[in-house]
Amino acid sequence: MKIYKFRNCLLNTIERSVLMDGKRLDLTPKTFDVLQMLVERAGEIVTKDELLGRVWNGSFVEEGNLPVHVAKLRRQLDGDGNHRFIETVHGGGYRFTANVEIANEGDWQKQFAGFNRRKSDRQPHQQVLDSIAVLPFRNETNDAENDYLADGLTESVINRLSRTTSLRVMARDTVFRYKNKDVDAKEVGDTLGVAAVLTGRIKLIKDNLLVGVELVRVADRSQLWGKQFDQPFSDIVKIKDAISKAVAEQLQPRTANISTTQQTNPVTQNAESYRLYLKGKYFQEKDTEADLHKAIEYFQHSVSHDPENVLSYVEIIESYLALYLFNYLPYGEWSIITGAILEIAAKLDQSVDLLQVVYGGVKLHKEWDFEAAENHLQSALTLNPNCLRAHIRYSALLLRIGRFNEALRELQIVIELDPLSLPPYKLIGRLFYCMGEYEQTRSYLADALEMDPEDYVALNVLGAVLTQAGNYEEALEALHKSLSIEYNVETLSDIGCAQALAGKRNAARQMIKRIEFESKDNHKHPIRLAELHAALGEKGRAYEFLEQAFEEHESDLSALGFNPRWASLRHEPRFIELMKRVGLPTGEKMTAK
């Protein structure tokens, strides 16, 4: 028997268990194997290939699964996230950073004394079915045009199940990494740490919809439930509701009915309105300017078939908000359009979580009314504690008003629900950047870049961190790579700021001219020009552009209180006065709870 001790933990290689402060951690076999290898080679870089070779013994496995196991270990070991046991070495692998000692059996018995069996020691039929991953339904129609139907039905089931009391449901972005891949339900379940997996397939034959679904218990691969639907397409909403209800009853029989009576079902019962809504969601996910406009068209057609389809109105507002935040739509035009749609939404069912989320987004970005935004987002989370969009938006609000630790807790919940998705890792990285915790920032960004080395947002934040740390050449390398992947003005500004701080003032001035030349008539990017002039030490010009940004209601003005880029101005009376006009807390009001 070999027992390893690190910080407040003991790892027993025979028991295949980890105790932290006397409590056993709930680790899947693969997650334990990853930890054991890292602990045995503490202080060394263990490559991804080495981990995949030993833990999976050469069998095929998605490389993207490895960061999920590491993330699960961090969540259990790191607690508040401020002291990481495992460091990601970009391009290399992982390193266990804690000091490791060999312990004796007496240490183990002392901590283990009186401990009850953990959940995973139970027989499969005894385990609590408290979590699920709904894998993307397969489109078995020989027509890619129907992908929207398979994707949309999957997402609708996910959203419906997320409203079930005490059920943890993996989010869309995580499960969609398995789209069109032959995967084993148990392997997926163990990777994601869920008790059950739902798979499905659809086929559209003329006006008939064929849907086959199977619910599998991860522990022993046994089928919990399955059904074949062969019904007219007009019954699609009924099929979706039947699947969701049956799954909820299999997993949480005592709470499924409570959740369905307490929660309003916001999905339209009109089949054509629902089809057009799904089509809109399909294009909305692509996130380009053209696709967002196309999504809006489908959502508008959807409400023409059902004027009370609240979810289509929600997504119209969300799509216009994305266009505004991506600088595709000027504030004035966005404000008028949004105001008109909100008047309609106000007459609809207000007990829908996503409607409260969109209200929170409007209050946050349109009105800079942070208190009202928080009220709406808290209402959304009361209606649906698993609402991913609410947790993400709430974290963004908390960041803006200086409540960093609360923002971090929201994002940790997001990672629990969406462990294979890039955004939460980037958002936590940005949060630590704003807190001045640059090593933590780089660690989370390394995780993001492990999943996608071409993610331009992660590279952007990495460039900003390196700039703040004074590593200007490395910063410029990351930022130029980001710009080559996705050309945008924010990256141009970041490059110019790094150049200015590195003493390359002429290059920074050329970047100012470039941004001015490329600015559209409806958007001059004053916030970016203000950043550049501040980096050059030209405070007068920086304030001129900040005032212009205020007049144009630049969304990034709400970041004045936390963005390290404004450190040189933050304590000046003129800057503090501007923050007050935006509605941001200043001085002692900025708290990190």
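Residues numbered from 1 in each chain as written. Predicted model: local features only at pLDDT ≥ 70, side-chain atom pairs only at ≥ 80, totals over all residues. Heavy atoms only, no water.

Overview of the overall build of the chain
Counting its secondary structure elements, the chain contains 26 helices and 14 strands. What you see for the chain is a C-alpha radius of gyration of 25 Å, in line with the 25 Å of a compact globule of 593 residues. Long-range pairs, those at least 24 residues apart, make up 63% of the contacts in the chain with a sequence separation of at least 6. Accessible area for the chain stands at about 25,100 Å²; split by element, carbon and sulfur atoms hold 47% of it. Side-chain charges of the chain comprise 73 positive and 85 negative groups, with the mean position of each set lying 3 Å from the other. (Helix = DSSP H or I, 4+ residues; strand = E, 2+ residues; numbered from the N terminus. Rg over C-alpha atoms; globule rule 2.2 N^0.38 Å. Contact = heavy atoms within 4.5 Å. Areas by Shrake-Rupley, 256 points an atom, 1.4 Å probe, with all protein chains shown as cover. Lys, Arg positive; Asp, Glu negative; His and termini not counted. Charge placed at Lys NZ, Arg CZ, Asp CG, Glu CD.)

As for unusual backbone geometry
Look at arginine 16: it is not a glycine, yet its phi comes out positive at around 55°. Looking at where arginine 16 falls in the secondary structure, it is placed in the loop between β2 (9–12) and β3 (17–20). Notably, asparagine 180 is not glycine yet its phi reads approximately 60°, a positive angle. By secondary structure assignment, the location of asparagine 180 is in the loop between α6 (172–175) and α7 (185–192). Overall, asparagine 180 belongs to the exposed group, its relative accessible area being 59%. (Buried < 20%, exposed > 50% of the residue type's maximum accessible area, 1.4 Å probe, protein only.)

Side note on the confidence of the model for the chain
For the chain, the average pLDDT comes to 88, and 91% of its residues sit at 70 or higher. Below pLDDT 50 for its whole length, residues 116–122 participates in 14 contacts with residues either more than four positions away or in separate chains. (pLDDT = per-residue confidence, 0-100.)

Section: the sheet that holds β3
Taken in spatial order, the five strands make up an open sheet running β4-β3-β2-β1-β8, and their pairing is antiparallel. Taken across any chain shown, the strands that pair with only one partner, and hence form the sheet edges, are β4 (23–24) and β8 (101–103). As paired strands, β2 and β3 are joined by four bridges and run antiparallel to one another. Bridging across to β3, cysteine 9 finds its partner in methionine 20. Here helix α1 (residues 29–40) sits on the sheet and contacts β1 (3–6), β2 and β3; the angle it forms with β2, its principal contact strand, is near 105°. (Pairing = 2+ DSSP bridges. Axes fitted to C-alpha atoms, helices over the stretch in contact; angles between N-to-C directions.)

A few points about empty space enclosed by the protein
The full count for this structure, using the stated rule, is two cavities of 30 Å³ or more. The calculated volume of the second largest cavity comes to roughly 40 Å³. If you trace the second largest cavity, you find it lined by Gly152, Glu155, Ser156, Asn159, Tyr277, Leu278 and Lys281. For the lining of the second largest cavity, the secondary-structure elements that each account for two or more residues are α5 (147–161) and α10 (271–284). (1 Å grid on protein atoms, 1.4 Å probe; cavity = no way out; pocket = protein on both sides within 12 Å on 5 of 7 lines; lining within 4 Å. Points joined across faces, edges and corners; volume = space filled by probe spheres on them.)

Some remarks on the state of the cysteines
Scanning the model with the defined rule gives zero disulfides in all. Cysteine 497 carries a free sulfur, and the closest cysteine sulfur to it, the one in cysteine 434, is 15 Å from it. Exposure remark for cysteine 497: the relative accessible area of 0% places this residue in the buried category. (Disulfide = S-S within 2.5 Å.)

Some points on the sheet that holds strand β6 (residues 86–89)
Taken in spatial order, the three strands make up an open sheet running β5-β7-β6, and their pairing is antiparallel. Looking at the sheet topology across the chains shown, the edges are occupied by β5 (45–47) and β6. Between one strand axis and the next, the sheet turns by 30° as a mean value, whatever way the strands run. Along the sheet face, helix α2 (residues 48–55) touches β5 and β7 (93–96) and points at about 65° away from the line of β5. Contacts from helix α3 (residues 65–78) reach β6 and β7 within the one sheet, and its direction differs from that of β6 by about 150°.

Thoughts on the pairing of β6
Note on strand geometry: in a regular strand, side chains alternate between the two faces of the sheet. Pairing of β6 with β7, which is carried by four bridges, proceeds in the antiparallel orientation. Counted as the bridge partner of isoleucine 86 is phenylalanine 96 from β7. In sequence, β6 turns back onto β7 through a hairpin of three residues, with glycine 91 there showing a positive phi of about 80°.

Some details on the nonpolar core
By size, the foremost hydrophobic cluster in this structure holds 161 residues, and its most contacted members are Ile132, Leu198, Ile236, Ile243, Leu546 and Leu560. Ranked by residue count, the leading element in this core is helix α12 (residues 310–325), at 11 residues. What leucine 198 contacts, discounting residues up to four positions off in sequence, is Ile132, Ala133, Val134, Leu135, Phe137, Val157, Val213, Glu214, Leu215, Ile243 and Val247. Grouped together as the second largest cluster of nonpolar side chains are 28 residues, Tyr4, Met20, Val55 and Phe96 included. (Core = buried A, V, L, I, M, F, W, Y, C linked by side-chain atoms within 4.5 Å.)

With respect to helix α26 (residues 573–582)
Working note: α-helix, 3.6 residues per turn, so residues spaced by three or four point in the same direction. Looking at α26, one finds that the buried residues are Phe575, Leu578, Met579 and Val582. Each buried residue of α26 sits inside an arc of 100° when the element is viewed along its axis, so together they form one side. Along α26, exposed side chains directed more than 90 degrees from the buried face belong to Pro573 and Lys580. At its buried positions, α26 is contacted by α15 (370–383) and α25 (539–551). Two residues or fewer past α26, glycine 583 is found with a positive phi of approximately 95°. (Arc of directions from axis to C-beta.)

A word on the packing of helix α22 (residues 489–501) against helix α24 (residues 526–535)
With their axes 8 Å apart at the nearest point, α22 and α24 run at an angle of 5° to one another. By the angle between their axes, α22 is roughly parallel relative to α24. The residues of α24 that touch α22, namely those facing Val489, Glu490, Ser493, Gly496, Cys497, Ala500 and Leu501, are Arg528, Glu531, Leu532 and Ala535. Residues that form the contact of α22 with α24 fall into these classes: six nonpolar, two polar and three charged. (Parallel < 35°, antiparallel > 145°, perpendicular 65-115°, else oblique. Nonpolar A, V, L, I, M, F, W, Y, C, P; charged D, E, K, R; others polar.)

Description of α1
Over its 12 residues, α1 extends 16 Å from the first C-alpha to the last, a length consistent with the 16 Å expected when each residue adds 1.5 Å. By the criterion of burial, α1 is predominantly enclosed, with nine of the 12 residues buried. Within α1, the full set of buried residues consists of Thr31, Phe32, Asp33, Val34, Leu35, Gln36, Met37, Leu38 and Val39. (Expected span 1.5 Å × (residues − 1).)

Section: the environment of phenylalanine 432
As for its position among the elements, phenylalanine 432 is in helix α18 (residues 422–434). For phenylalanine 432, a relative accessible area of 0% gives the class buried. In sequence terms phenylalanine 432 and isoleucine 413 are 19 residues apart; their C-alpha atoms lie 16 Å from each other.

A few points about the pattern of salt bridges
Counted under the stated rule, the structure contains 40 salt bridges. For glutamate 40, the salt bridge goes to arginine 54, with nearest N and O atoms at 3.0 Å. Of this pair, glutamate 40 sits in helix α1 while arginine 54 sits in helix α2, and the two are 14 residues apart along the sequence. Overall, glutamate 40 belongs to the partly exposed group, its relative accessible area being 33%. Looking at arginine 54, the relative accessible area reads 41%, which means it is partly exposed. Across the pair arginine 541 and glutamate 544 runs a salt bridge whose closest N-O atoms are separated by 2.7 Å. Here arginine 541 and its partner glutamate 544 are both found in helix α25, three residues apart, which amounts to about one turn of the helix. Ionic contacts of the salt-bridge type, sharing partners, join the residues Glu155, Arg172, Asp173, Lys281, Glu285, Glu315, Glu318, Arg389 and Arg393 into one network. (Salt bridge = Lys/Arg side-chain N within 4 Å of Asp/Glu carboxyl O.)

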